[in-house]
Every structure is written in structure tokens, then in C-alpha cells.
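Descriptive analysis of the structure
Spelled out, the chains give:
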Amino acid sequence: MRVFVAGASGAIGSRLVPQLLDRGHEVIGTHRSPAGAEHLRTLGAEPVALDLLDARAVRKAVLEAEPSAIVHQATALADLRDFKHFDRSFAQTNRLRTDGTDALLAAAREADVRRFVAQSYASARYARVGGPVKSEDDPLDPTPVPAMRETIAAMRHLDEAVTRAGGIALRYGGFYGAANDGMVEPVRKRLFPIVGDGAGVSSFIHLDDAAAATVLALEDYRPGIYNVVDDDPAPLREWLPVLAEVLGAKPPRRVPRWLARLFAGEAVVMMGTESRGASNAKAKRDLGWELRYPSWRQGFVAAY
Ligand SMILES: NC(=O)c1ccc[n+]([C@@H]2O[C@H](COP(=O)([O-])OP(=O)(O)OC[C@H]3O[C@@H](n4cnc5c(N)ncnc54)[C@H](OP(=O)(O)O)[C@@H]3O)[C@@H](O)[C@H]2O)c1
């Protein structure tokens, strides 16, 4: 296949490109800087400069590339620090998930591209009732915390627009596997506490496993939504001390909900105390996906 990867230079894109090439696919990767172009060339992809928020440029790039598949992995999450003003911090990513997705879908329609896979997210989205682990068929949170409303709505837009168009939305777990993963520095500095009872469940996924599932989804192509997470959804109170130990950091502090709400905001409190994890049964069954790191327990050690 000739695969057009938007966001090819990012954390997941740069793992995905080599795996696609290994499987014999051609890759056209988007970038926004000369350094990004060079990085893509080194990986073996054909670079194309593109701002995904410029719909006309998206149309032109896709029509010129004549791909047989499109993968949307563009986000703007580097340097994410402020979780208190969650929607403000995610504003650019939300645009990439709404306007960026719509522009790519329109271009795909026009260029008659039949395979479309986009990055979505699993943790902290399912309804905060019932069991700790949710499948793709379980309801999403009908009342997201106000600080996350726009972000949650953007992910819903992406899931719905992509599946309506016959595409695949991959609800990834929290990415890890790169030395500069966002959570590494705060955990090392003991700035990432266990909030309240720490019962909020997270699902993780190693970047290499996430890329592998993405390749399978593209090749096998059964449209729909898939949770792309590991086998081991776990509460904050369980995974955070393990990560701290692996990183050689002091054990995480514990802070009461009210204090976390004051300093870090309600989204952080929700994720730390109420969030539900996700089940990967569908992706394993339908895509024949096998994980190299079935649990973050081995994955954190291997990565860090
Ligand atoms: N599921 C998850 O947990 C999840 C999901 C995504 C990211 N993250 C984390 O967030 C951190 C940052 O992620 P990242 O390194 O992938 O960086 P990022 O800043 O989120 O960028 C991701 C990709 O999107 C591209 N992009 C951004 N804005 C664009 C635009 N307007 N038009 C076209 N492409 C655009 C970037 O291209 P440029 O190189 O040109 O900026 C890059 O290729 C990492 O620690 C990562 O693990 C986690």
C-alpha cells in the first residue's frame, strides 16, 4: 500500500513509519519543519510539508500523493504541562482532531482513498460507573468534567466522523516507550502524586505495540473502533509507585482530592480517582494482534 501518514514525525508516527516500511508499504509522511523532513527521510519515508489545519493544502497534498490509505496521527501534545486548564492545553490537538480529521476525510473522499485510520484515545473516556475495564461497546462518559468538555467532544467527533466514513478509530492507551515520555520528568521530580484513593484506572500501551496494531488495522481493514491498550489496566495507586521505582525516583506523594483539585484541577482528580480502563479483547481477536509488552510492568522496565 501507499500510506499517507499525517503526523509521521511524532512519538507514534516515528514508530509506525519503520513498521510500515518493514511490511513492504510505501510511506508518505507529513512534516512542518526541515528537521522533520530530514527525520522522515532517515526513516525511509517520502516527506511532504503540510499543516493539517489548512484544508486546501490537505486536499492538494493528498491528491498529489495518490495514497491507497491515510493514517491520522497528528496531535500537539509536546510540552503539555498545564492539566488544570485542560481544554486550553488541548486546544490545538482538539482542532487537529476535528478540523484536521474533517479535512483529511474530505480529501480521502475526493481522492477515492478507501482506507482511513485515525488516532483516538481510550483512558478517561468511558462512563465512570460499573466495572473498571470497558469495551468499545460500553457507553462513553455522558457528563465529562467541565474542564475536559471540549477535549472529550473533539475525540467523540473524531470517532464518529471516521467511523461514519467507513474508517477505523484506534483508541490508544497512554503511550510510553520513549525516553522523553511526558510522565517521566514529573515522576522523577516527585511532582506526580497519587490523588485521593488512587482508584482511577489507566490503560497503557507501548509505542511499538501501538504501531503494530495500527499496521494490522490498516492491512486487515475491518472498519470500526478498537481499544489499543495493554492487558493490564491498573489503578493509579498501583502503577505510579512501580513507575517511580523503575525510574529510580522516590515513591510518589499522596495528596487529598481537595488539594489536587486546587492545584492541578478537576481533570487530574477525575483521572486519578474515577477513570475507567479499556479492554483490548476486540483488537486481539479481530486483528490477530499480539503484544510484545502485555503489561506496563515489563514495558516500563524495558523502556526506562
Ligand atoms: N495516547 C497517548 O497517550 C498520546 C497520544 C499522543 C501523544 N502523546 C504524548 O505526547 C507527547 C508528545 O507527542 P509527540 O511527540 O507525538 O508530539 P506532538 O506535538 O503531539 O506531534 C505529533 C505529530 O503531529 C504533528 N503535527 C502537530 N501539529 C500539526 C499540524 N498543524 N499539521 C500537521 N501535523 C501536525 C507533529 O508534526 P511536527 O513534527 O511538525 O510538529 C508530529 O508529527 C509524547 O510524550 C507522546 O507520547 C500521548
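Residues numbered from 1 in each chain as written. Predicted model: local features only at pLDDT ≥ 70, side-chain atom pairs only at ≥ 80, totals over all residues. Heavy atoms only, no water.

Moving on, we get to the overall build of the protein. Each helix and strand in the protein was counted, giving 13 helices and 15 strands. In the protein, 80% of the contacts between residues at least 6 apart in sequence involve partners at least 24 apart. Accessible surface for the protein amounts to roughly 13,500 Å². Of this, 51% is attributable to carbon and sulfur atoms. Here the protein contributes 39 positively and 38 negatively charged side chains, and the mean placements of these two sets differ by 5 Å. (Helix = DSSP H or I, 4+ residues; strand = E, 2+ residues; numbered from the N terminus. Contact = heavy atoms within 4.5 Å. Areas by Shrake-Rupley, 256 points an atom, 1.4 Å probe, with all protein chains shown as cover. Lys, Arg positive; Asp, Glu negative; His and termini not counted. Charge placed at Lys NZ, Arg CZ, Asp CG, Glu CD.)

What follows concerns the pattern of salt bridges. Going through the model one piece at a time under the given rule, you end up with 21 salt bridges. Linking D112 and R114 is a salt bridge whose minimum nitrogen-to-oxygen distance equals 2.8 Å. Note on R114: relative accessible area 63%, which makes it exposed. The residue R297 makes a salt bridge to E238 at a minimum N-O spacing of 2.6 Å. (Salt bridge = Lys/Arg side-chain N within 4 Å of Asp/Glu carboxyl O. Buried < 20%, exposed > 50% of the residue type's maximum accessible area, 1.4 Å probe, protein only.)

On to the nonpolar core, then. Within the largest apolar cluster, 57 residues are counted, with the highest numbers of intra-cluster contacts made by F4, L104 and F116. The element contributing the most residues to this core is helix α8 (residues 207-220), with seven residues. In this structure, F116 is in contact with I70, T101, L104, L105, A108, V162, G167, I168 and Y221, ignoring residues within four places of it in sequence. Judged by nonpolar contacts, the second largest core, of 17 residues, contains V187, A234, W239 and A244. (Core = buried A, V, L, I, M, F, W, Y, C linked by side-chain atoms within 4.5 Å.)

With that settled, the discussion passes to helix α13 (residues 296-303). Taken together, the buried positions of α13 are occupied by W296, G299 and F300. Looking straight down α13, one finds that the buried residues subtend no more than 100 degrees of arc, so they occupy a single side. Lining the buried residues of α13 we find β8 (174-176), β11 (204-206), β13 (234-235) and α9 (236-246). Near the N-terminus of α13, the side chain that reaches the backbone nitrogen of R297, with its oxygen 2.9 Å away, is that of S295. (Arc of directions from axis to C-beta. Polar contact = N/O pair within 3.5 Å; in protein donor to acceptor, adjacent residues only side chain to side chain.)

Below, the discussion takes up the packing of helix α3 (residues 55-65) against helix α5 (residues 91-110). Packed helix pairs are characterised by how far apart their axes lie and by the angle those axes make with each other. Put simply, α3 and α5 touch, their axes get as near as 9 Å, and they point 40 degrees apart. Where α3 crosses over α5, the handedness of that crossing is right-handed. Only A103, L104, A107 and E110 of α5 make contact with α3, whose side of the interface consists of A55, V58, R59, V62 and L63. Counted by class, the contact of α3 with α5 contains seven nonpolar, no polar and two charged residues. (Axes fitted to C-alpha atoms, helices over the stretch in contact; angles between N-to-C directions. Left-handed = near helix turned anticlockwise from the far one by under 90°. Nonpolar A, V, L, I, M, F, W, Y, C, P; charged D, E, K, R; others polar.)

Purely spatial values, then, with no claim about function.
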